[in-house]
Structure formats: structure tokens, C-alpha cells
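A closer look at the structure
Next come the chains, spelled out residue by residue.
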Amino acid sequence: MHQNTQPLVATHIEPLLTVNDLVVRFDSSRGTVHAVDGVSLSIKPGETLGLVGESGCGKSTLGRAIARLVEPQSGSVRLGGVDLTRLTRSGMRPYRRDIQVVFQDPLASLDPRCTVGMLIGEPLRIHGIGDRRQRRDRIADLLSKVGLSADSADRYPHQFSGGQRQRIGIARALALDPRLIILDEPVSALDVSVQAQILNLLVDLQSKLGVAYLFISHDLSVVEYVSDRVAVMYLGRIVETSTREKLWSSPAHPYTRALFDSIPRIDTGDLGRRRHMVQGDLPSAYNPPEGCHFHTRCPRAEEFCAVESPILRTVADSHVAACHFA
Amino acid sequence: MGEPVLSVDGLSVRFDRKGGALTAVDGLSFDISAGETLAIVGESGCGKSLTALALLGLVAAPGRIEGRSVKLQGRDILGLEGEALRRLRGNRIAMIFQEPMTALNPVLTIGEQIIEAITAHEDISHQKARDRAVSLLDRVRIADPRRRVNDYPHHLSGGMRQRVMIAIALACNPALLVADEPTTALDVTIQSQILELLDQIKRESGTAILLITHDLGVVSEYSDRVLVMYAGRKVEERTTRDLLKSPLHPYTRGLIAARPGRHHVNGLRTRLSEIPGMVPSLAEMPHGCGFAARCSFVVDACRIARPPLIPVGADGAVACLRIEEARASEHAAARCDAY
Amino acid sequence: MALVDIVAHIPPARIAQDNAFFRTARQPSAVVGVLLLGFVVAMALLANQIFPGDPLDFVGQPFQRPGEDPSFPLGTDMLGRDLASGIFHGARISLLIGAVATAMSLVIGVGVGAFAGYYGGKIDASLMRLTEFFQTIPPFLFALTIVAILQPSIATIVGAIGVTAWPSLARLVRAEFLKLRHGDMVQAEIALGASDMRIIFRHLLPNTLAPIIVSASVMVATAILTESSLAFLGLGDPNVVSWGGMVGAGREVLRSDWYIATLPGVAIVVAVLALNLLGDGLNDAVDPKQERR
């Protein structure tokens, strides 16, 4: 019933992946968006880093930049000593075995004209792993790992329910035995009962396979459930990173607190709780506020917040926040 | 509580197709009083959105709305057509949709759209309608409404657009506001603003609100009573407080237990409880309880006939034959946890 | 919302049967198109069996009306050539030119559209300028000029039609590719390490096949019309019989002996109509909105 959620690593263990000062810009006729604006983070082997934020905060772009699905303008993404951002596309190919991606909408990310067997076997074929028979065995093995019957291999994605399709997406990501899986809103399109099935599956797989997750979601309760550590993003920047316990027990950044306060909760003992709501709208990403991006909505903001960008400072052991008052 | 604003009796929505009709909403009955929010909660495909659309007669062929009666302030509106239906919509019943951008006309200013909603039902001068539009924008807490009234929808953020939708909905002081997943497309910080706004409107003007949602957290904080739908049918209806404190139907229990969050005890992660399997398809709806195939308390009797709605407490009801057994197992589980 | 829900609850097996083939078979216009096209194809296939010998040979009295002589059921032209034989053999030429020219346009159009849509940027810009260059000249005049400069022969006619008919297809394929290019399907393939060629040919092309097939059927019809028009203007291959050439030849005696120009004209109408009906039916069948029902 209970399982250990602490990463089975001590702090001195080398991170699996280190992102340093990563910048992704998009130019369009309306101007430039700094989708990812100097982000640094690290993920240790076998741990889950939750990445949470509202729409347009750049969390998906950050995930895709780590997998080299969008090209960063500057900064580095190091995987075991290799800077992935400096590799050519073909040079990147061998490293793709280590980093896999699961997308929000499996129907959009799975080719509707391929059978499930073809889809799950494709990464093996691309990387020239095994012969036909070995691949077939591996497909059956992967299907059973994610809780699908072996005969699913001959069917098409549209013949499955949303939750089953996400299982297919996960099986495909597991095919190459990656060390890191980037999960981009993997349960956001699912109903809550199915969502629980997929979350349990992800947790089980991690404890069996020791794979690390970058779990991207807008849903704080989902992130709380799966994560060992959590990073909070706002308008392209990480505003706070901490362990799950510390973030939930003592959030340091006003935005993190605002997020927590905004989630409607089932707190049966506390019905009718009235909260501190965040005022105003999310500013346009084309024209983010000067200084601290959050100062326009922050209850604690003072004049210099509009001038000076706060840097991430250590507020406690393995807990950093980018706020002048933290 | 007095006369309910809306009283629905035996509402069904069927889709005719070769090989027999599919029943998407099956004999739904409920009341909503003035100043009350009734939440209909359920997973996708349970028929909750269709119920909302059916109230406004918005189900298109091959869909068919049936029922004994749908009374709005005592008057039966079921089967209204043409002009009578048009006068009803937006006037006595107003609706807010999930995606405000698709519900707003991109080539008209928001002021023009609010004015249109007013003049469609009331014979007043343009200037008066315009003043009313400005005061409506003010009422939905849009800053600087005199200037904003000339904005086009694309100038506004998602949350602002939903405020405009609410302003349009309020244009004729409706008795009933139907909100179909009004915040599902919005960010969590904006969601709380919009739901808070709806709550204030309810308290100020006594509007009855039918809130369609999949989010039990929203239900918990913003509704007075809850109706849980599963596979087109009502499985449980209780006051929000009772339902969340002591859910009776196994499906309701499953929904509440499957929510992630607060699942760590002393740093250890406990497994989420799943509801096994999936919703039966409309074409293969079982004769008995729709939840039987996924229920851990199922007995043969559940599969033979639809469980009737059993009254619970003052005005609650639950459609389950096995409430006592489910309750007993919960007590057993609670004792286990204590060790 | 409601319809999507309903569709989500249709058992999978029924969706599987509900594929493009079955939907095409349910379109009345497609059925008529297939029947007519089958008739034209049968004419082409059986031409040698039913009418052995060269259809350009003078085999009887000139100006025999249809039914006058049982051995020439559709009569003869002003030089005493068998009109029925000409129409049957003409079907071969028309279908051959239509098919080969379309195949050529498909290769060019799909290639240009796929690479422009997939790679975008400078490749897209230059390929699209090329496409626009071809589109600024009316395709028929372009083909006419090419055939006039080179000597008219089946090969030059096919080449001229194939080289001028592809731009609209290239635009169609580019648009479809652009739609899919930034979708999660391609992103997922890149994340797996798939090469560009694998993504283009194994995933994107099969997913754009439906509209390509629809427009190909119409392109065959257009190619048949273009060839007929060229032949009508005297730019047909002089060594083979062609419907357009027959119409052109009969034009001078249209007042006295209308059937000489009209009968091959009817053949053109039937063939083009068949292909357009088929294209229409296919279009309705692959329309995603139809899939919802």
C-alpha cells in the first residue's frame, strides 16, 4: 500500500540532467516572446521534478526545448556531460534514447494510420534494436507493462479510450529504456477516475524502472501527488523550486501561495473558506512587466519590485525562491 | 425554500439512429431554488452538458428531448418552439459556455453584443441599452467599462471574455443561469475570480445557478447541492456538505477518492484509488445499474433492474442497493487505517 | 460536445467498418462515376479485340450515318474511317495521357508541396516562388506553347500537361503538411529520433493521401480535357487517334454531318463527368465532418 517516494539518491549524486540559463524566444509579427527566459534546473536519476504554472508560462516550451523539439537561443542542457544544445540533429539521435516525451493528447501524437504494435515498435526500428521476433516480444512486454492486453498490438489508436491511448503513449516512450521521460500534461485530458489509473501506473513504472520524470502540469494536486521536487514557473521564469513537502508546507513566493489559494479544494471541515484571490489577469507574454514579472498582481509588491528583477535565492535547504521578500 | 425556480421532471435526451435510439440523458429530475447553486458533476460523456443544452432546447437532430415537465417559475417550458423558445432563451434562462471565444462574435464589439442581448428581449432605446451594457460590465468587475465597451473580443484575455459572457447572460436578469464548465478553459487563478463573481451575483440578485462541472473542488466551494450523474442517470443528489462528508453511492466515493493530492503520509506516497474499467458505451448500456461493471459492491440484483432512487436525509437521494454494505466497508477501512 | 460524446460511445468495431471505402460506396455520385469510368476503361481495354486494326485506316465509304451500315454502327467520317473504332481506341489514348500526365504532376506536386511544407523557411519560400511562377501562366496556354515548340507526340503532350498541372496540388499538399508539421504527431516522431524522410514518407504522406486522391481524380479529367483541346487545335499526336482530334476533324462538317464531331465529344463528356463525379464522391467520403456522423 505504501511506497517510498524519496528518491533513492543522496544529494551528492550527480544530476542526470542539468539545464543552465536556457532561453527560448519566439519572434512573430506581434513581437518577441521570451517563452523560456533564463531557466536553470536539474533532475537526479530516478526522481520526479514537477513543473507547474499557468497557460503560457513556458513550461511546455521548456520541456520541449530539453528534448530539442524547439531550438533554444542560448544556455545549455547537459545530459551526462554532453551539452545537447550543441549537437546537430543527427548528432542528437543517439541521445534521444535517453530522453523520451509523452504528450497531453495521445490521439494527436500517435499516427492514426499505424497499429499500436507499429507505433510501439517504431522507436526500436528507428534505432535498429533487435530483429523482427525480438521486437515483437518487446512490444508484448511493453504492452503488459502498461496494462494493455497483447492483442492491442493489432488495433488502431482510435479504437481505444483516452486512458488506454495514454498507456500506448507511455509504452512507446518506454521502448528505448530512457533515463528521463518528459511528461507534458499527461493526464490533463483525462477524467479523474482514469487520471488516477495513469498516475498510479507512472508511479509504479518509476519504482520498477528507476526512470526520472519531468512532470509538466497546470494541476497542483496532480503535481503534488507525483513529484519529489517541484519548480513553479511564471511568465518564462522559475520563481520557486523546492521539495514537495517544503513547497506545500511553507511556500516562499507570493505567486506559489496565490496558486495554492486559488485551487478549489474538497476540505470537508473547511467549507465556505474564503480565500485571498490573485487580482488581475496574466500579463501578455509579449510585453511582460519590468522587474519582477509578478509585481502587477502581487499583494506584497513595493515600488522597487517593478524595477529590479529578483534572482533565485536560497531560502532554506534545497529551497530557492525569486522574491525580494522571501 | 418556496417554489423552485426550475423544476425538471423525467428529462431524457435520446439520439435516434439505426438499430434503436441511444439514451444520453435518462429520466433526470431535479429542482433549483432561487439563490441556490445546484452542481451537476460527472465525467465526460455522462450527459451533464447535454442536460444543460436540453433545458434551453439546444439539442439538434437527431437528438430528441423528452420528459414529463420542465417548469421554469411554474410554467412548463418543455417542448416550446420557435418564438416562444427564443423569448425564453437569454431572457428567463441564460447560458454561459466553456469556451467564451467561440461563443462571442469576433467582428462585433463586446458593447454591441451586450446591447444586442438586451434589445432582443426588451424594447428600449439604443442609448439606454448602451448605458445598461456599461453598468453590466461594471457589475462583472471589468475595470473602466466605458472604454472597454468598444473593445473587440480578441482584445480581451480569456478571463475577461468569460466576464463579458456573464454580462451578456445577465443582460435581462434571468431567473436561471446555466453555466456549462464555465472555468474549465481558464487558468486556476482566473477560475477562482470567475467563480467568485458568479457566487456574488447569486447572492446579490437571487439568481438560481445550474453549474455543470467535472471538478469536485469547484463543487465543494461554489455549490449548495450536488447531483452526481453517471452514464446519463442521476446516481446521487445531496447537499454539498453531506455529499462530500459522507458520499453514499460507490461511484461518488470513487470520484472523491480518485482525486490526487493529500496522499502523502509521513513523506510516503499512498496509492490513489482507481475506479477500474470505464464508462459503458451508450449503445451497450446495461439493464441494471450503469455502474455495476465497475463497482466493488455489486450483487446480482444490481444487474437485473435499475436501482431506484432512495430518499436520504431531508432532500437527498441515492440510486444504490448496497449503501449499507459500502458504508460498513468504509468503517472497516477506517479502522484499518488507525493501526 | 454532445456529438463527440455520442461518437465516443460508438463501439470501436463499427468505426472500423466506417472507413473511406464504405463511405465512398454509399455516395450515389461516386457510384455513378465509378460505373461510367468502368465503361470508359472497358472501351479502352477491349478496343483491340472489338476493333482490330488501325482506327486511322480508311475502311469504308465516307459520311455514313450511324446505323446506315451495320458494320459501322456509329458511321464513318469524311475519310471513311470507322467512328466507333476511333472512339474505342481514343479512350486508350485519353486514359493513358490522363493517367501518365497525372502521375507526373503527382510526383512533382507532392514532392514540392511536401518539402516546402515540412521544411518551411527558405526552402518553402523558394519552392513556393517556383510554384507561383508556374501559376502565373494559364496551364493550357503553357502546355500549348510547350507542345508547339517541341513536336506534338504522346510523350511531349504528356510532358507538357504533367509539367503544367502540378502547382495546385503542390499548394494542397503544402497546406496539409503545414497543418501536421507542428502538431504533436511530428514532434513525437522527432522525439523518437525518426529521420525527416521517415516522418515525411511513413507518417505525413499517408495522412494526406485522402485529399491527394480526390484531387488526382479531377486532375485526370483535366488532363483528358487538355489533351482533347490540344488535339482539337491540331496539336495532337498525328500517329494516334484522339477524341479531341476527331472533334477537330469533324468541326468543318458540323452543319451537314453533326455526328462526326458530336460522338467523340460525347465520349469526352462521359469520361470527364465520370472522373469528376468520382472525385466529388471521394471528397464527401473523406470529409472529416462526415466521419463524425
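Counting restarts for each chain, with residues numbered from 1 along the sequence as it is written. The naming scheme follows written order: chains are lettered A onward, ligands numbered 1 onward. pLDDT decides what is reported in this predicted model: residues at 70 or higher carry local features, side-chain atom pairs at 80 or more are listed and counted, and totals for whole chains, interfaces and linings draw on all residues regardless. To get the side-chain values, all heavy atoms of the structure are used, and hydrogens and water are removed first.

Strands here are runs of E lasting at least two residues and helices are runs of H or I lasting at least four, both read from the DSSP assignment and numbered beginning at the N terminus. Counting its secondary structure elements, chain B contains 13 helices and 15 strands. Against the compact-globule benchmark of 20 Å for 339 residues, chain B has a radius of gyration of 22 Å, which places it among compact chains. Projected onto its principal axes, the C-alpha coordinates of chain B cover approximately 70 × 50 × 40 Å. Note on areas: these come from Shrake-Rupley sampling with a 1.4 Å probe, and a residue is covered only by the protein chains present in the view. Carbon together with sulfur atoms contributes 51% to the accessible area of chain B, which is approximately 14300 Å² in total. Averaged over its 41 positive side-chain charges, chain B has a centre that lies 1 Å from the centre of its 40 negative ones. Using C-alpha atoms as the atom set, the radius of gyration is obtained and then compared with a globule rule of 2.2 Å times the number of residues to the power 0.38. The charge count treats Lys and Arg as positive and Asp and Glu as negative. His and the chain ends do not count. Charged side chains are reduced to one point each, which is NZ for Lys, CZ for Arg, CG for Asp and CD for Glu.

Once that is clear, we can look at the overall build of chain C. The secondary structure content of chain C amounts to 14 helices and 0 strands. When the helices and strands of chain C are listed from N to C terminus, the series reads α-α-α-α-α-α-α-α-α-α-α-α-α-α. Burial analysis of chain C (293 residues in total) assigns 48% to the buried set. Every residue pair with non-hydrogen atoms within 4.5 Å of one another is taken to be in contact. Looking at chain C alone, contacts between residues at least 24 apart form 72% of all its contacts between residues at least 6 apart. Counting every atom, chain C has about 13700 Å² of accessible surface; 68% of that belongs to carbon and sulfur. When a residue's accessible area, from a 1.4 Å probe over protein chains only, is under 20% of the maximum for its type it is buried; when over 50% it is exposed; and in between it is partly exposed.

On to the pattern of salt bridges, then. If charged atoms from side chains of opposite charge come close, those side chains can pair. For this document, the term salt bridge refers to a Lys or Arg side-chain nitrogen within 4 Å of an Asp or Glu carboxyl oxygen. The final tally for this structure, using the stated rule, is 49 salt bridges over all chains. Between Arg139(B) and Glu204(B) there is a salt bridge whose closest N-O contact spans 3.8 Å. Here the residue Arg139(B) occupies a position in helix H5 (residues 126–139), and Glu204(B) occupies one in helix H8 (residues 188–205), the gap between them amounting to 65 residues. When salt bridges that share partners are traced, they join Glu122(A), Arg172(A), Glu189(C) and Arg198(C) into one network.

Attention now moves to the interface of chain B and chain A. Contact with chain B, which involves 44 residues of that partner, is made by 50 residues of chain A. With both chains or domains summed, chain B and chain A bury close to 4300 Å², and 52% of this area falls on carbon and sulfur atoms. Contact with chain A buries area across many residues of chain B, yet Glu221(B), Arg269(B) and Arg271(B) alone supply 19% of it, more than any other trio. At the surface where chain B touches chain A, the tally comes to 1 salt bridge. Between Asp204(A) and Arg271(B) there is a salt bridge, with the nearest N and O atoms lying 2.9 Å from each other. Here a polar contact means two N or O atoms within 3.5 Å. Within protein one must be a hydrogen donor candidate and the other an acceptor candidate, and residues neighboring in sequence count only if both atoms are side-chain atoms. In this assembly, chain B and chain A are joined by 16 residue pairs in polar contact (both at pLDDT 80 or more). If one sorts the elements of the side of chain B that touches chain A by residue count, H8(B) sits on top with 8 residues. Here the quantity called buried area is the accessible surface, traced with a 1.4 Å probe, that two parts lose on coming together, added over both.

A separate point is a nonpolar patch on the surface. A surface patch of nonpolar side chains, about 350 Å² in accessible area, is lined by Val41(C), Leu45(C), Leu46(C) and Ile50(C). One can find Leu45(C) in helix H4 (residues 28–50). Only residues above 30% relative accessible area that lack a salt bridge enter a patch, with like-charged residues linked at up to 9 Å and the nonpolar side chains Val, Leu, Ile, Met, Phe, Trp and Tyr linked at up to 5 Å.

With that settled, the discussion passes to the sheet that holds strand E11 (residues 233–239) of chain B. Residue and element names in this part refer to chain B. Read across the sheet, 8 strands follow the order E7-E8-E9-E3-E10-E11-E15-E14 without closing on themselves; strand pairing throughout is mixed. Edge positions in the open sheet fall to strand E7 (93–96) and strand E14 (310–312), since each of these has one partner strand only. Adjacent strand axes in the sheet meet at a mean angle of 25 degrees, parallel and antiparallel pairs treated alike. Across 6 bridges, strand E10 (residues 225–230) lies against E11 in antiparallel orientation. Among the inter-strand pairings, Arg225 is bridged to a residue of E11, identified as Thr239. Fitted lines through C-alpha atoms give the axes, limited to the stretch in contact for helices. The angle between two N-to-C directions lies from 0 to 180 degrees. Of the strands in this sheet, strand E3 (37–41), E7, strand E8 (176–180), strand E9 (208–213) and E10 touch helix H1 (residues 48–55), which is tilted by about 145 degrees from E9. Of the strands in this sheet, E10 and E11 are in contact with helix H11 (residues 250–258), which crosses E10 at around 100 degrees. Whether two strands pair comes down to DSSP finding at least two bridges between them.

Another aspect to go through is the confidence of the model for chain C. Residue and element names in this part refer to chain C. For chain C, mean pLDDT is 85; residues scoring 70 or higher make up 89% of the total. Between residues 1–17, whose pLDDT stays under 50, and residues either more than four places distant or in other chains, the model counts 26 contacts. Predictor confidence is given residue by residue as pLDDT, running from a minimum of 0 to a maximum of 100. In this model, residues 288–293 is a region of pLDDT below 50 whose contacts with residues beyond four sequence positions or in other chains number 9 contacts. Per the prediction output, this complex has pTM 0.85; the corresponding ipTM is 0.86.

Turning our attention to the interface of chain A and chain C. Taken together, the contact between chain A and chain C spans 26 residues of the former and 21 residues of the latter. For the pair chain A and chain C, the summed buried area comes to about 2100 Å², and 49% of that belongs to carbon and sulfur atoms. Looking only at chain A, the three residues that lose the most surface to chain C are Arg89(A), Asp111(A) and Arg113(A), adding up to 23% of its buried area. A salt bridge links Arg64(A) to Asp184(C), with the shortest nitrogen-to-oxygen separation between them at 3.1 Å.

The length a helix should cover is 1.5 Å for every residue beyond the first. Over its 37 residues, helix H5 (residues 83–119) of chain C runs 52 Å from end to end, which matches the ideal 54 Å to within 8%, given 1.5 Å per residue. In the segment just after H5(C), Gly120(C) is the residue with positive phi, at about 60 degrees.

Here we come to the pairing of strand E1 (residues 6–15) of chain B. Residue and element names in this part refer to chain B. Of all 10 residues that make up E1, 7 are buried, and the element is covered over most of its length. If you look at the hairpin formed by E1 and strand E2 (residues 22–32), you'll find 6 residues sitting between the two strands, and Gly19 has a positive phi there, around 85 degrees. By the bridge criterion, 4 bridges tie E1 to strand E5 (residues 69–72) in an arrangement that is antiparallel. Across the sheet, the residue bridging to Leu6 is Leu72, located in E5. The pairing of E1 with strand E4 (residues 63–66) spans 4 bridges and is antiparallel. Bridge pairing links Ser12 to Glu66 in E4.

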